[in-house]
Amino acid sequence: SRPTYAQATQDPAAAATERTLRKDPNSPASKAFAALDASNAQARQDALAPIVGTPDDLEAMKADRETATAPLREAAFANKTPVDPTPVVQTIDSILASPAGQSDSVVNNLSRIRDKLTNGGNLQTDPEQLYGIRKAIDTSLSATAARSGSDAQLASKELMDVKGALDPVITPGAPGFDQYLSAYREASQPINAQEYLQS
């Protein structure tokens, strides 16, 4: 990209002149600056393209992650046994009773999770179903959800606390679940970086 004279020299007088010239969008000088801005923006985009990648690149990375980690997840739940989600319910109740529980976003998001855990009065003891709840939390906190300004973003800290309470509950009922999480986390690092750049 090519800087303007004012940008290159950092000269306050030149910067003031440039601002004056840019004010009239129909003037030749203003149009020249606009063309230069567009050219520079395209140059930056072209330079970053190999790093940022495309949405298709991102989807391919996610598919590779699934291929690499799915066998570990399936093995973990192949010999699943019932677990007690009471610690997760207690975590939610504790948050709802705290000052954070005064937020409508926190109440709405955590109450939905609590309803799934208590399942109409019957605690959800299937570790694979609890993993489904964990995935739902991840989805609500994803970069895509963040861009759309989802309600969950306002309760992100509290949702992360609940997610953290789920892991030690699921693991005893799904031998190898912790290894799956570790492998998934490692495979997600370049994906998270790519999502951040593309957002």
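Since the model is a prediction, treat every value here as computed from it, not as a measurement.

Draft legend 1. How the structure looks around the packing of aromatic side chains. If you walk through the whole model with that rule in mind, you get 6 aromatic pairs. Note on Phe-77 and Phe-177: the rings are 5.8 Å apart at their centroids and 50 degrees apart in plane angle, and the pair reads as tilted. Of the two residues, Phe-77 sits in helix α4 (residues 55-78) while Phe-177 sits in helix α10 (residues 177-198), which places them 100 residues apart along the sequence. On the basis of relative accessibility, which here comes to 6%, the residue Phe-77 falls in the buried class. When the ring of Phe-177 is compared with that of Tyr-180, the centres are 6.1 Å apart and the planes differ by 40 degrees; the resulting orientation is tilted. Here Phe-177 and its partner Tyr-180 are both found in helix α10, 3 residues apart, which amounts to about one turn of the helix. Residue class for Phe-177 comes out buried when judged on its relative accessible area of 0%. According to the relative accessible area criterion, Tyr-180 is buried, its value standing at 1%. Counting every residue linked through ring pairs, the aromatic cluster contains Phe-77, Tyr-131, Phe-177, Tyr-180 and Tyr-184.

Draft legend 2. Layout of the nonpolar core. If you look at the biggest cluster of nonpolar residues, it comprises 28 residues, and the most contacted ones within it are Leu-117 and Phe-177. Mapped onto this core, the elements with two or more residues apiece are α4, α5 (86-96), α6 (104-118), α7 (127-140), α9 (156-170) and α10. It is α9 that contributes the most residues to this core, 6 residues altogether. Filtering out sequence-adjacent residues up to four positions away, Leu-117 remains in contact with Pro-85, Val-88, Val-89, Ile-92, Asn-122, Leu-123, Gln-124, Leu-130, Ile-133 and Leu-166.

What counts, and at which threshold
- Residues numbered from 1 in each chain as written.
- Predicted model: local features only at pLDDT ≥ 70, side-chain atom pairs only at ≥ 80, totals over all residues.
- Heavy atoms only, no water.
- Phe/Tyr/Trp six-rings, centres within 6.5 Å; stacked < 30°, edge-to-face > 60°.
- Helix = DSSP H or I, 4+ residues; strand = E, 2+ residues; numbered from the N terminus.
- Buried < 20%, exposed > 50% of the residue type's maximum accessible area, 1.4 Å probe, protein only.
- Core = buried A, V, L, I, M, F, W, Y, C linked by side-chain atoms within 4.5 Å.
- Contact = heavy atoms within 4.5 Å.

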